[in-house]
Amino acid sequence: MTVLYNNADAQRAHPERIFAQTDRSLYLSGESLFFSILVLEGETNTAAQKSRVVQVELINDQKKSLLQKLVLLDEGRGAGSFSIPDSMASGACELRIYSSWMKNWGEQSFYRQSIWVLNPYDTSYFGQHAGRWTENPSSIPVADIQLDKAHYSKRSLVAGSLPVDEENPFIALTVSVLPLEEVIVPVNSISAQQEPIQSEQVVYLPEWEGPLFQARIMDAVTGQPIENQLVTLVQPGTSFVLNVGKTNRQGISWFNPGPALQKGDLIIQQVGAATNRRTATIEMLPVFVPAEKFEAGPFPELTKAHHELFRQRFVQLQLQELLFPKESDSALEKDSFQLGKPDTRYQLDQYIRFKTMQEIFREYISEVRVRVQDSSYQIRIRNKWIPGFFETDPLILIDGIPVWDPAILMEMDPQEVKSIDVYTQRIRIGNLVKEGVLVCRTYAGTGGRSAISKDAIILSFPGIQQERLFIDPDYSTQQTGMQQLPDRRSLLYWNPALEKSKTGSFIPFQFYTSDQAGSYKVLIRGIDKRHRSFEQVAVFEVK
């Protein structure tokens, strides 16, 4: 086993623990699954500082990962959602949440929660799982949650609060507002405590700044690891991410591109690799851990009487998508590779469009000198600090993709190029040092693909999700358009992180009712500073 992390000051490595909650227990295909996460340091029970990202997965009973997300943490807290596909089959699933650091303790340290999905077109589940609900809605106790009323009209404001115990405050609270008859299956909302391990047993690094990636480079002929090889990881586009690593004795290169990665392609290739022949085999080591266990409970028993309840919820879902369309996942704005502002930026729309790139550089980009020697292009960049040009090739990037053959840049169609950035000083990106940089951006953001080497690998990356806010209507403004649209929400409200009021010892919340009359419950769950689970319910009516 290769040791990748060692702290001489600490003989033992302490694990992390995860507290998590979801907005409900049973979902229809097509609905959104909202979740809240708190990562705690195992030795201090404070918000985790080692991890800034966690992996979140939904797996089925075949141990196949159906949905995957990387969720960004802020002081140990994170929140996000999955959009359950309309085509997902009925069945029990398991929500798994873990950090890279927790991988050192294996699957037993992961947070796991049973989730059930019901496809509205799969009527067999109503007969196959005939029985009774395990919870009787009429017996739900009314607890300390305080609501301003007991009865509300449709589309009216509900204001509530929860008193705070100053001696034993809550460290994480979530709230869901659901129909009273909907069952929430009790879960163990915090991952199991693990024992510390010796520092020499640590293999997986903590993700201090964002997700870490590993790629293994092997010689295509001998199959042996390639050592000391510079490797690039790129997420291309008009706004791109570039990271450079270097392989160790095992042929493994680590990448730390930061939290700005979005959903899209990742391209991993060797620095200087040829585009016309394969010299190496590149393998990306998995970010998500293959599941070896599946511990979700059996599908809740349903009766035929519930068929109508779920049918109504399905109709509500269809109307809800028209009223409040699902929003795309929020993500950090991508920066390039932290070079800062270029010395010169040329927006080509502001200049004469010549027919060739060579003419463009010759006519108005004075910081760049292009020559042809022995039928090959030579590009040099003017030195910002010393009169004259650098003596070696600059780093050339087309929509973020490194280009080692200048002919690829010079043969581009100028009509496709939006801008050219010029950096006129020596630049270091990781272990890669270049005398100047040329950044060429196209209108489509898809340039430079011809520069990808034969041995490169292109992977689909799910992106890093920041907190996705639950979108609920605001009827205080009485907007005409809003008043004319039906509001058939069944999940009236979800807040992944309730916070104490700044003016008193209580936790406030508020939301609007929908057009659906009936009984509803406000469900607040969380843990206190002693890691004891907490759950309280209040009931109200909508007339």
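Criteria and cut-off values
Each chain carries its own residue numbering, running from 1 in the direction its sequence is written. It should be noted that, the model being predicted, local features are given only for residues of pLDDT at least 70 and side-chain atom pairs only at 80 or more, the latter also being counted only at that level, while totals for whole chains, interfaces and linings use all residues. Side-chain numbers come from the whole structure's heavy atoms, not from hydrogens or water. Numbering of helices and strands runs from the N terminus; a helix is a DSSP stretch of H or I covering at least four residues, while a strand is a stretch of E covering at least two. Note on classification: 1.4 Å probe, protein chains only; a residue is buried when its accessible area is under 20% of the maximum for its type, exposed when over 50%, partly exposed between these limits. Note on contacts: a residue pair is in contact if any heavy atoms of the two residues lie within 4.5 Å. The Shrake-Rupley method, run with a 1.4 Å probe sphere, supplies the accessible areas, and residue values consider only the shown protein chains as cover. Strands were regarded as paired on the criterion that DSSP finds at least two bridges between them. Remark: nonpolar core denotes a set of buried residues (Ala, Val, Leu, Ile, Met, Phe, Trp, Tyr, Cys) joined through side-chain atoms within 4.5 Å. Under this scheme, a helix contributes an axis fitted over its contacting stretch, all axes are lines through C-alpha atoms, and angles between N-to-C directions fall in the 0 to 180 degree range. Throughout, the arc means that of the directions going from the helix axis to the C-beta atoms. The aromatic pairing rule takes the rings of Phe, Tyr and Trp, using the six-membered ring of Trp, and pairs them if the centres are within 6.5 Å, calling planes under 30 degrees apart stacked, those over 60 edge-to-face and the rest tilted. We count a salt bridge whenever a side-chain nitrogen from Lys or Arg sits within 4 Å of a carboxyl oxygen from Asp or Glu. Whenever two N or O atoms come within 3.5 Å, that pair is a polar contact, provided that in protein one can donate a hydrogen and the other can accept it, and provided that, for residues adjacent in sequence, both atoms are side-chain atoms. Scored between 0 and 100, pLDDT is the confidence that the predictor attaches to each residue.

1. Focus: the overall build of the protein
Reasoning step 1: When helices and strands are tallied, the protein shows 5 helices and 33 strands.
Reasoning step 2: Buried residues in the protein amount to 54% of all 543 residues.
Reasoning step 3: Restricting to contacts in the protein with at least 6 residues of sequence separation, those with at least 24 account for 75%.
Reasoning step 4: Carbon and sulfur atoms provide 47% of the accessible area of the protein, an area that totals close to 25300 Å².

2. Some thoughts on the pairing of strand β12 (residues 157-163)
Reasoning step 1: Two elements, strand β10 (residues 146-147) and β12, share 2 bridges in a ladder whose sense is antiparallel. Bridged to L147 within β12 is G160.
Reasoning step 2: Here β12 pairs with strand β31 (residues 506-512) via 7 bridges, running antiparallel. Each residue of the ladder has a partner; that of L162, found in β31, is I507.

3. Describing the sheet that holds β31
Reasoning step 1: Ordered in space as β10-β12-β31, the 3 strands form an open sheet in which the pairing is antiparallel. Two strands in the sheet have a free side with no partner beyond their single neighbour: β10 and β31.

4. Some points on the pairing of strand β22 (residues 368-373)
Reasoning step 1: As judged from the 6 bridges shared by β22 and strand β23 (residues 376-381), these two strands associate in the antiparallel manner. Bridge pairing in β23 links V372 to Y377.
Reasoning step 2: As consecutive antiparallel partners, β22 and β23 are separated by 2 residues, and within that stretch D374 has a phi angle of approximately 50°, a positive value.

5. Side note on the nonpolar core
Reasoning step 1: Membership of the largest hydrophobic core comes to 49 residues, with the highest contact counts inside it found for I37, V56, I97, F213 and I268.
Reasoning step 2: V56 has contacts with F35, I37, L67, Q68, K69, V71, F82, L95, R96, I97 and F288, leaving out every residue within four places of it along the chain.
Reasoning step 3: If you look at the next biggest cluster of nonpolar residues, it comprises 44 residues, including V271, V370, L395 and L409.

6. Some remarks on the sheet that holds strand β16 (residues 230-235)
Reasoning step 1: Read across the open sheet, the 4 strands follow the order β17-β16-β19-β28; overall the sheet is antiparallel. Both outer strands of the open sheet, β17 (241-246) and β28 (457-461), are each paired with one neighbouring strand and no more. When the angles between neighbouring strand axes are averaged without regard to direction, this sheet yields 20°.
Reasoning step 2: Relative to strand β19 (residues 264-270), β16 runs antiparallel, the two sharing 4 bridges. Residue pairing in the sheet places V231 in a bridge with Q270 of β19.

7. With respect to the environment of L67
Reasoning step 1: Relative to the helices and strands, L67 resides in strand β6 (residues 65-72).
Reasoning step 2: Sequence spacing of L67 and P462 is 395 residues, and the spatial spacing of their C-alpha atoms is 9.3 Å.
Reasoning step 3: Leaving out residues up to four positions away in the same chain, L67 has contacts with V56, E57, L58, F82, S83, I84, P85 and M88.

8. A short note on helix α3 (residues 357-364)
Reasoning step 1: Residues M357, I360, F361 and Y364 constitute the buried set of α3. Buried positions in α3, seen along its axis, are confined to an arc of 110° and lie on one side of it.
Reasoning step 2: Buried-residue contacts for α3 involve β21 (344-347), β22, α4 (406-410), β26 (417-429) and β27 (432-442).

9. Thoughts on the packing of aromatic side chains
Reasoning step 1: Taken as a whole, this structure holds 15 aromatic pairs when the rule is applied.
Reasoning step 2: Judged by centre distance (4.4 Å) and plane angle (45°), the rings of F170 and F534 are tilted. With F170 in strand β13 (residues 170-179) and F534 in strand β33 (residues 533-542), the pair connects residues that are 364 residues apart, well separated along the chain.
Reasoning step 3: The class of F170 is partly exposed, set by a relative accessible area of 23%.
Reasoning step 4: F534 gets classed as buried once you look at its relative accessible area, which sits at 15%.
Reasoning step 5: Centroid distance F213 to F461: 5.7 Å. Interplanar angle 70°. Geometry classified as edge-to-face. Taken together, the residues F213 in strand β15 (residues 213-219) and F461 in strand β28 connect sequence positions 248 residues apart. For the pair F213 and F461, a shared accessibility class is recorded, and that class is buried.
Reasoning step 6: Among the aromatic side chains, those forming a connected cluster through ring pairs are Y152, Y493, F511, Y520 and F540.

10. Some details on the pattern of salt bridges
Reasoning step 1: Counted according to the given criterion, the structure contains 21 salt bridges.
Reasoning step 2: Where D343 meets K384, a salt bridge forms, and the shortest distance between an N and an O atom there is 3.0 Å. Of this pair, D343 sits in the loop between α2 (306-323) and β21 while K384 sits in the loop between β23 and β24 (395-398), placing them 41 residues apart in sequence.
Reasoning step 3: When its relative accessible area of 30% is taken as the criterion, D343 is described as partly exposed.
Reasoning step 4: A residue is classified by how much of its surface remains accessible, and K384, at 40% relative accessible area, is partly exposed.

11. Focus: the environment of S189
Reasoning step 1: Structurally, S189 is set in the loop between β13 and β14 (197-198).
Reasoning step 2: By relative accessible area, S189 is classed as buried at 2%.
Reasoning step 3: Between the alpha carbons of S189 and F19 there is a distance of 5.6 Å; along the sequence they are 170 residues apart.
Reasoning step 4: When sequence neighbours within four positions are dropped, the list of residues in contact with S189 reads I18, F19, A20, Q21, Y111, I527 and S533.

12. A word on the side chain of S253
Reasoning step 1: With respect to the element layout, S253 can be found in strand β18 (residues 252-255).
Reasoning step 2: Classification of S253 by relative accessible area gives buried; the value is 0%.
Reasoning step 3: Polar contacts involving the side chain of S253 include one to the main-chain amide nitrogen of K246, which spans 3.2 Å.
Reasoning step 4: Those residues in contact with S253 that sit more than four places away from it in its chain are F213, Q214, A215, V231, G245, K246 and T247.

13. Here we look at the confidence of the model for the protein
Reasoning step 1: The share of residues in the protein with pLDDT of 70 or more is 88%, and the mean pLDDT across the chain is 86.
Reasoning step 2: Overall, residues 130-143 carries pLDDT values under 50, and its contacts beyond four positions in sequence, including any with other chains, amount to 28 contacts.

14. A word on the environment of R345
Reasoning step 1: Structurally, R345 is set in strand β21.
Reasoning step 2: One polar contact links R345 to D421, side chain to side chain, over a distance of 2.7 Å.

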